[in-house]
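# Remarks on the overall topology
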Amino acid sequence: MKILAIDTSCDDTSVAISEDLRILANVSWSKFKTHNDFGGVIPTEAKRQHKEFLDPVIAEALKVSKLSIEDIDAIAVTYGPGLAIALEAGIEKAKELSKKYNKKLIGVNHMIGHIYSSLAQDESGKSYSGISISDIKFPLLALTISGGHTDLYFMENHMEFKRLGGTIDDAVGEAYDKVGRMIGLGFPAGYKLETLAKDGDLNAYDFPRPMANSGDLNWSFSGLKTAVLYQIKKLQNVYESKPDKKEFRMNDASMNLSEKEISDLAASFQEAALESLLMKLRKAISQYSPKMLVIGGGVIANQALRNKLEKLCDISKTKLVYPIPMWLCTDNASMIAIAANFYAKNNLYIKDIDSLDRIPGLEIS
Ligand code: KG4
Ligand code: ZN
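Residues numbered from 1 in each chain as written. Chains lettered and ligands numbered in written order. Predicted model: local features only at pLDDT ≥ 70, side-chain atom pairs only at ≥ 80, totals over all residues. Heavy atoms only, no water.

What follows deals with the pairing of strand 6 (residues 140-145). Of all 6 residues making up strand 6, 6 are buried, and the element is well covered by its neighbours. Burial along strand 6 is two-sided: the face carrying Leu140, Ala142 and Thr144 and the face carrying Leu141, Leu143 and Ile145 are both buried. The pairing of strand 6 with strand 7 (residues 150-157) spans 6 bridges and is classified as antiparallel. What sits directly across from Leu141, in strand 7, is Phe154. Adjacent in sequence and paired antiparallel, strand 6 and strand 7 are bridged by 4 residues. Relative to strand 9 (residues 292-296), strand 6 is paired through 5 bridges, and the arrangement is parallel. (Buried < 20%, exposed > 50% of the residue type's maximum accessible area, 1.4 Å probe, protein only. Helix = DSSP H or I, 4+ residues; strand = E, 2+ residues; numbered from the N terminus. Pairing = 2+ DSSP bridges.)

Quick look at helix 6 (residues 222-235) now. If you check helix 6, its first and last C-alpha atoms are 20 Å apart, about what 14 residues at 1.5 Å a residue would give, namely 20 Å. All of the buried residues in helix 6 are Leu224, Lys225, Ala227, Val228, Leu229, Gln231, Ile232 and Lys233. Where helix 6 is buried, its residues meet helix 4 (172-182) and helix 7 (259-288). Asn237 sits one or two positions beyond helix 6 and adopts a positive phi of about 60°. (Expected span 1.5 Å × (residues − 1). Contact = heavy atoms within 4.5 Å.)

For the rest of this paragraph, the subject is the UniProt feature "binding site: substrate" (unreviewed entry) in the protein. With numbering matched to this structure, UniProt assigns "binding site: substrate" (unreviewed entry) to Thr144, Ile145, Ser146, Gly147, Gly148, Asp177, Gly190, Glu194 and Asn302. In this structure, the second largest pocket is lined, among the annotated residues mentioned, by Glu194. Along the chain, the position of Gly148 falls in the loop between strand 6 and strand 7. Within the fold, Glu194 resides in helix 5 (residues 190-197). Judged by its relative accessible area of 6%, Glu194 is buried. Excluding anything up to four places from it in sequence, Glu194 contacts Gln270, Ala301, Asn302, Gln303 and Ala304. A distance of 2.7 Å separates the side chain of Glu194 from the backbone nitrogen of Gln303, its partner in a polar contact. (UniProt positions renumbered as here; feature names shortened; annotations may be inferred. 1 Å grid on protein atoms, 1.4 Å probe; cavity = no way out; pocket = protein on both sides within 12 Å on 5 of 7 lines; lining within 4 Å. Polar contact = N/O pair within 3.5 Å; in protein donor to acceptor, adjacent residues only side chain to side chain.)

Okay, structure coming up:
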């Protein structure tokens, strides 16, 4: 089955063409400055970019795949979660193509895309991650870790998700981005913070691992972020003001810190954030004895996390699955195409094309 997939959930205009699980083309455009000075995406700018670049990105993807739109069997599009008006741009285009060329339409949950991203194959049919569909064994645990999500699911079958827990406040990627901002990194900060952390001492500061004794499979990353801010203030000898929301907007929170202090802050934060993640995964594995742990979302690009997960899965004899290479970890339309194959297998096509609408807060279950 040949699919043209569109993802405009945030500020990447991404289009992929797939045949079954083979990715024939993946074209992403994210050239405009769609971030404000506080490190957030400006939705109107993202929308403007999608509107302007969707057509050329689609044309380029078709060109790379050496297919024409007539060869395509179905159009797949992310309908949530994401930025409302950004999602809308992709959905409008998908509806237009679906009607004009009489193609089936599939609405895909972006987070299900992240979960299925490891199954992507190159043009020759070789799985990028080394995992093929026959390797997938249930029951499994699926974890999504991105800028907006930290959620854990139990799966006994394809496309069947039971949510076991998740963050009660910030997502783990969001914590990276917020702490990154405090220490003067741009947005998104994940990769830069990880790079800085390599030069730092992970035991320099003793940051909390919230919810350690909560007894459930939930996380919290907001207290950790506040603890980093307090530590910055302490290092700067600024005691008088309590950190509040406004101060997280400061781009100069890291002023007067030495390079060593900044890399130590990065390393100690990363250690606390990753150990916090691991703590609950350990618990979930012992509780559910899954055959596999499948991870998706931008934060799995983090090598320190991968190392920790490899150890955990080695000890617990659980097969670890995550997308390779990096472009499959962060937002991309290929994962939407891959997930769309599973929607199609379950006959989950959109029956009335006009009824497909954006759902910015879409959940998996
Ligand atoms: O999946 P994604 O591209 O977009 C969302 O759906 O949110 O994830 C983006 C998130 C950002 O918060 C970014 O800082 C984080 O993934 N990220 C990382 C790394 N690379 C990206 N976090 C930690 N370490 C990294 N190497
Ligand atoms: Zn994403």
